[in-house]
Amino acid sequence: MKRVFQYFYSEARRLKSKLDKPKARVWPLFISKIIPTRFAKLPSDPTNKSLPQFRHKPYSGSKDTLPAGPSTTISYGPLNNTHKPEMADLTLRIAGGWVRDKLLGLECNDLDVALSLMMGFEFAKLVNKYLCENNYPVSSIGKIEKNPDRSKHLQTAATKVLGLEVDFVNLRSEVYQEDSRIPKKVVFGTPKEDALRRDITINALFYNIHTRQVEDFTEKGLEDLSLGLIRTPLPAYQTFLDDPLRVLRCIRFASRFHFSIVDEILETVKNEVIRVALLSKISRERVGIEIDKMIKASDPLHSFELIQSFNLYEIIFIPPSQTTIISGIIHKPIMGVNVSRILKWLISSGESTLDPDISIRPLAEVRSLYLASILVPYLNVVVQDGKREVPAVSSIIRKSLKLPNSDIDNITKLFDAMGPLNSAAIKNEATPLDRVYLGLLIRKIGDKWPMALILGLALELLPKGKDIEYQPTLNENSLHMIQRFNKLINRIRELGLQDAYEIKPIINGKEIIQLLDIRMGPGFKEYQQWVLEWQLEHPEGTKEKCKEYIKDKYKE
């Protein structure tokens, strides 16, 4: 234990010395300064040939040679002052994503430490004991119980070591039930067993804290990281049958790093047994979590393209039964991918001429736009959901993805707003729209009007009646369409209506009741509408002038 903490402490001191130097370029966390000095391609291979390492899209950089080194495990003495000889061979390894990202030169704050001989919680308690005895700051330990639906198959201990958030968990080997992704049995495993039960080889790398070397027990991880490949440690059929969620994880990581997926995976995903398992063994909540991670990432479109090429759209975004459809037509999945492609072109390419005040959106809005775009095949479809008639998209978000109600609210509002905004753009092209019309429209749509405008434009740019892959380009037709929407944006800006949804009525409800000497009733909303219309038409008008107008109109 003493040796382990000397290691952590030395790295913390090294970071502090960098921080004390002006203009020093340092990583935000001291773990980012842990640069592996020895790499093992094959633990069993004495030649241990070095491999080239370089960053892949969306990251670019020069090639770096990975020095070769033996793969060995150095055990250390008993825990300091604990007199527990069974701890003599305890080995700590940083596992998975942190190792992968450091080799790619990326930031990673997700630090998982795998223990060879102990449960994570028991080790964390020893960690805190050591910290206390040696006058280091001590943090509380969070005990995260097993939760297979959230990919937590083992008890995990979460704490802080010298200010660094760390999860401790034991190496494990898993045996799965045939009809579930929940392991039937989880036992202590060897590093190789733990590596082989992971989703893909580049996520199965370890960094041995004692030897300071990367260990590749799958014998493919470093090579795949170098070549830019997504591959499963075991045969893909076995890996996916054990846990079908790994199909979606392959897609997500391939999209994130722009790595190629090996042919074996492509063929395995076509297997009907795996496709049935995707529907039957994975909780819809876990599907939603993976989709959420995809649309939050740097290239959601690539994830959607892979979903389409794997023919997984209707397994992920399960369509409603034909017997529940009240109105509307479900379009082919390629429509959602095409709209997503146009969306990316509008907001990211630099080629589009869409007004930058509208096209540059916060990350949360970009996420909502991509979710909406991939669900466009369900636009205008209404289904029977129990006793209610609801948009199909709301049912899919709630049932197929288990995403929060805020997503249902956002996407349904975007879908509802696209049509009126598109009509407004056409009318405004012929004759500039007046302040009342536009103001009331934006108040009705709310703060999502820029998003609805972008999505509506993307849909308008999609060639009608063509269920084939479409690549957007700036041609005469697309330029005219974008100019039409830019003209609407300029009109909204000229009239100062960008935030019209925040305008408060100059006369409130109580004042209307007193002014007209009436009671609240069915027609009261009409009187409130009068106030808003007058206010929009007379942006500099006073309350008294508005009262006069309302009284005269009421008399009429």
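Residues numbered from 1 in each chain as written. Predicted model: local features only at pLDDT ≥ 70, side-chain atom pairs only at ≥ 80, totals over all residues. Heavy atoms only, no water.

1. Description of the overall build of the protein chain
If you tally the helices and strands in the protein chain, you get 23 helices and 17 strands. The burial tally for the protein chain puts 51% of its 556 residues in the buried class. Here the analysis covers contacts within the protein chain between residues at least 6 apart in sequence; of these, 69% occur between residues at least 24 apart. Total accessible area on the protein chain stands at roughly 26,700 Å², and carbon and sulfur atoms take up 51% of it. (Helix = DSSP H or I, 4+ residues; strand = E, 2+ residues; numbered from the N terminus. Buried < 20%, exposed > 50% of the residue type's maximum accessible area, 1.4 Å probe, protein only. Contact = heavy atoms within 4.5 Å. Areas by Shrake-Rupley, 256 points an atom, 1.4 Å probe, with all protein chains shown as cover.)

2. A short note on a negative patch on the surface
Taken together, the side chains of Glu544, Glu548, Asp552 and Glu556 define an acidic patch exposed on the protein surface. By the secondary structure assignment, Asp552 is in helix α23 (residues 543-555). Of the residues examined, Asp552 reaches a relative accessible area of 44% and is grouped as partly exposed. (Patch = residues over 30% accessible without salt bridge, like charges linked within 9 Å, V, L, I, M, F, W, Y side chains within 5 Å. Salt bridge = Lys/Arg side-chain N within 4 Å of Asp/Glu carboxyl O. Lys, Arg positive; Asp, Glu negative; His and termini not counted. Charge placed at Lys NZ, Arg CZ, Asp CG, Glu CD.)

3. As for unusual backbone geometry
The phi angle at Arg212 is positive, at roughly 55 degrees, despite the residue not being glycine. Relative to the elements of secondary structure, Arg212 occurs in the loop between β11 (206-208) and β12 (213-215). The phi angle at Asn311 is positive, at roughly 60 degrees, despite the residue not being glycine. Topologically, Asn311 is positioned in the loop between α11 (300-309) and α12 (313-316). Using a relative accessible area of 53% as the deciding quantity, one classes Asn311 as exposed.

4. Here's the deal with the sheet that holds strand β15 (residues 325-327)
As summarised here, the arrangement of the 3 strands in space is β15-β16-β17, forming an open sheet in which the pairing is antiparallel. One side of each edge strand has no neighbouring strand; the edge strands of this open sheet are β15 and β17 (388-391). For this sheet the average axis-to-axis angle between neighbouring strands, irrespective of direction, equals 40 degrees. Pairing analysis gives 4 bridges linking strand β16 (residues 382-385) to β17, with the strands arranged antiparallel. Of the residues in β17, the one forming a bridge with Asp385 is Arg388. (Pairing = 2+ DSSP bridges. Axes fitted to C-alpha atoms, helices over the stretch in contact; angles between N-to-C directions.)

5. A word on the nonpolar core
Counting 134 residues, the largest nonpolar core has Phe168, Ile230, Leu312, Phe317, Leu346, Leu375 and Phe415 as its most contacted members. For this core, the leading source of residues is helix α19 (residues 449-461), giving 10 residues. Not counting residues within four places of it along the chain, the set of residues in contact with Leu346 comprises Ser352, Leu354, Ser359, Ile454, Leu457, Ala458, Leu461 and Ile482. Among the nonpolar cores identified, the runner-up in size contains 11 residues, and Ile518, Trp530, Cys546 and Ile550 belong to it. (Core = buried A, V, L, I, M, F, W, Y, C linked by side-chain atoms within 4.5 Å.)

6. Considering α11
With 7 of 10 residues buried, α11 is to be regarded as a mostly interior element. Where α11 is concerned, the buried positions are Pro300, Leu301, His302, Ser303, Phe304, Leu306 and Ile307. Of the surrounding secondary structure, the elements contacted by the buried residues of α11 are α7 (245-257), β14 (260-261), α10 (284-296), α12, α13 (333-348) and α15 (363-374). Following α11 by one or two positions, Asn311 has its phi on the positive side, about 60 degrees.

7. Some points on the pairing of strand β4 (residues 92-95)
Burial of β4 is two-sided: the residues Leu92 and Ile94 facing one way and the residues Arg93 and Ala95 facing the other way are all buried. The pairing of β4 with strand β5 (residues 112-115) spans 4 bridges and is antiparallel. Counted as the bridge partner of Ile94 is Val113 from β5.

8. Brief notes about the confidence of the model for the protein chain
Per-residue confidence for the protein chain gives a mean pLDDT of 83; residues scoring 70 or more make up 79%. Within the model, pLDDT remains below 50 along residues 18-83, and this stretch shows 156 contacts once partners closer than five positions in the same chain are excluded. (pLDDT = per-residue confidence, 0-100.)

9. Some thoughts on the packing of helix α17 (residues 405-430) against helix α20 (residues 476-494)
Running from amino to carboxyl end, α17 crosses α20 at an angle of 90 degrees, the nearest separation of the two axes being 9 Å. Here α17 lies roughly perpendicular to α20, going by the angle between them. Contacts between α17 and α20 involve Leu421, Asn422, Ala424, Ala425, Ile426, Asn428 and Glu429 from the first element and His480, Arg484, Phe485, Lys487, Leu488 and Arg491 from the second. (Parallel < 35°, antiparallel > 145°, perpendicular 65-115°, else oblique.)

10. Regarding the packing of α19 against α20
Packing of α19 against α20 brings their axes to within 10 Å, and their N-to-C directions diverge by 160 degrees. By the criterion of interaxial angle, the relationship of α19 to α20 is roughly antiparallel. The interaxial crossing formed by α19 with α20 has right-handed handedness. Each of Trp449, Leu453, Gly456, Leu457, Glu460 and Leu461 in α19 lies in contact with α20, whose residues at this interface are Ser478, Met481, Ile482, Phe485, Leu488, Ile489 and Ile492. When grouped by side-chain class, the residues that make up the contact of α19 with α20 number 10 nonpolar, 2 polar and 1 charged. (Left-handed = near helix turned anticlockwise from the far one by under 90°. Nonpolar A, V, L, I, M, F, W, Y, C, P; charged D, E, K, R; others polar.)

11. Notes on the packing of aromatic side chains
By the definition in use, this model includes 11 aromatic pairs. Between the aromatic rings of Phe206 and Phe217, the centroid separation amounts to 6.1 Å while the plane-to-plane angle is 65 degrees, which identifies the pairing as edge-to-face. In this pair, Phe206 sits in strand β11 while Phe217 sits in the loop between β12 and α5 (221-227), placing the two residues 11 residues apart along the sequence. Like Phe206, the residue Phe217 is buried in the burial classification. (Phe/Tyr/Trp six-rings, centres within 6.5 Å; stacked < 30°, edge-to-face > 60°.)

12. Let's talk about the side chain of Arg252
Here Arg252 shows up in helix α7. Given the relative accessible area of 11%, Arg252 is considered buried.

13. Structural notes on the environment of Ile506
The residue Ile506 is located in the loop between α20 and α21 (509-516) in this model. We classify Ile506 as partly exposed; its relative accessible area is 22%. Here the alpha-carbon distance between Ile506 and Gln528, two residues 22 residues apart in the chain, equals 10.0 Å. Sequence-distant contacts of Ile506, defined by excluding residues within four places in its chain, comprise Glu511, Val531, Gln535, Gly541, Thr542, Lys543 and Cys546.

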